[in-house]
Amino acid sequence: MDEIIHARGHENVSAEHASTFEVTTDDFLTPAGDCILAIDADRAPADFDPEFIEACQDVEATITVTIEAGGHADSVTGRGDPDLELTNERSLVGRTSEYVDDRTIMNDALFAADGFDRDLVATLADGAEATVTITVE
C-alpha cells in the first residue's frame, strides 16, 4: 500500500539531522531546518487513506520512504507503531527513535536526514521537484 506526495527541494536543504527527516507542506525553509528534505508538499499525513494509516499502526509493519528527484533516489526503512496517529496537516517525520507524535510516519528508521544520498540532497538543494513514496507492508 502506497501514499505518494509531490514536493520540491529548496536552497536551504542540508539534510544534516542525525535522528529525523521531514517533508513539509510549508513553502519555505530556513537554514535551521536541517532535517527537512522537501517543502511545498501537496499532501500531509492527515490526507492519507484510513486503511494505509491502520496498516502503519501494526508494530510488525515495514514502512519505506523513497524520495526521487532529478534522476536520483534513495529509500529508508523503518517500522510501524500502534501509537502512530498520522493526523498532522503540515508535515511528516521519520524517526530513528521510538518517539511518536502526530507527525511521525515511522520509527526505528535505519537512518535520518544525514544518511540520505548526497547527490539526491544536492539535487533537492537545487530546488528540484520531488516525489515521496511511502510504502507499508
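This is a predicted model, so every value here is computed, not measured.

Peer 1: Describe in detail unusual backbone geometry, supporting the description with residues and values.
Peer 2: The phi dihedral of Asp40 falls on the positive side, at around 60 degrees, and the residue is not glycine. Structurally, Asp40 is set in the loop between strand 3 (36-38) and helix 1 (50-56). Despite not being glycine, Asp108 shows a phi value in the positive range, around 50 degrees. Following the sequence through the fold, Asp108 ends up in the loop between strand 7 (104-106) and helix 2 (118-125). Residue classification places Asp108 among the partly exposed positions, given a relative accessible area of 30%.

Peer 1: I'd like to hear about helix 2, residue by residue, with values.
Peer 2: Residues of helix 2 that are buried include every one of Leu120, Val121, Thr123 and Leu124, and no others. Projection of helix 2 onto a plane perpendicular to its axis shows the buried side chains occupying an angular sector of 160 degrees, all on one side. One side-chain oxygen at the N-terminal end of helix 2 lies 3.0 Å from the backbone nitrogen of Asp119; it belongs to Asp117. Just beyond helix 2, the residue with positive phi is Gly127, at close to 90 degrees.

Peer 1: Account for the side chain of Arg79, naming residues and giving values.
Peer 2: Positionally, Arg79 belongs in strand 5 (residues 72-79). When its relative accessible area of 18% is taken as the criterion, Arg79 is described as buried. At 3.5 Å, the side chain of Arg79 and the side chain of Asp81 are in polar contact. Not counting chain neighbours up to four residues away, the residues in contact with Arg79 comprise Val59, Ala61, Ile63, Glu98, Met106, Asn107 and Asp108.

Peer 1: If you had to explain the sheet that holds strand 4 (residues 62-69) to someone new, which residues and values would you point to?
Peer 2: Taken in spatial order, the four strands line up as 1-8-4-5 in an open sheet, and their pairing is antiparallel. At either margin of the open sheet sits one strand with a lone partner, and together these are strand 1 (2-8) and strand 5. For this sheet, the mean inter-axis angle between neighbouring strands, taken without regard to orientation, is 15 degrees. When strand 1 meets strand 8 (residues 129-136), the two strands line up antiparallel, connected through seven bridges. Residue pairing for strand 8: His6 is matched across the bridge by Thr131.

About the thresholds
- Residues numbered from 1 in each chain as written.
- Predicted model: local features only at pLDDT ≥ 70, side-chain atom pairs only at ≥ 80, totals over all residues.
- Heavy atoms only, no water.
- Helix = DSSP H or I, 4+ residues; strand = E, 2+ residues; numbered from the N terminus.
- Buried < 20%, exposed > 50% of the residue type's maximum accessible area, 1.4 Å probe, protein only.
- Arc of directions from axis to C-beta.
- Polar contact = N/O pair within 3.5 Å; in protein donor to acceptor, adjacent residues only side chain to side chain.
- Contact = heavy atoms within 4.5 Å.
- Pairing = 2+ DSSP bridges.
- Axes fitted to C-alpha atoms, helices over the stretch in contact; angles between N-to-C directions.

Scope: geometric values only; no functional claims are made or implied.
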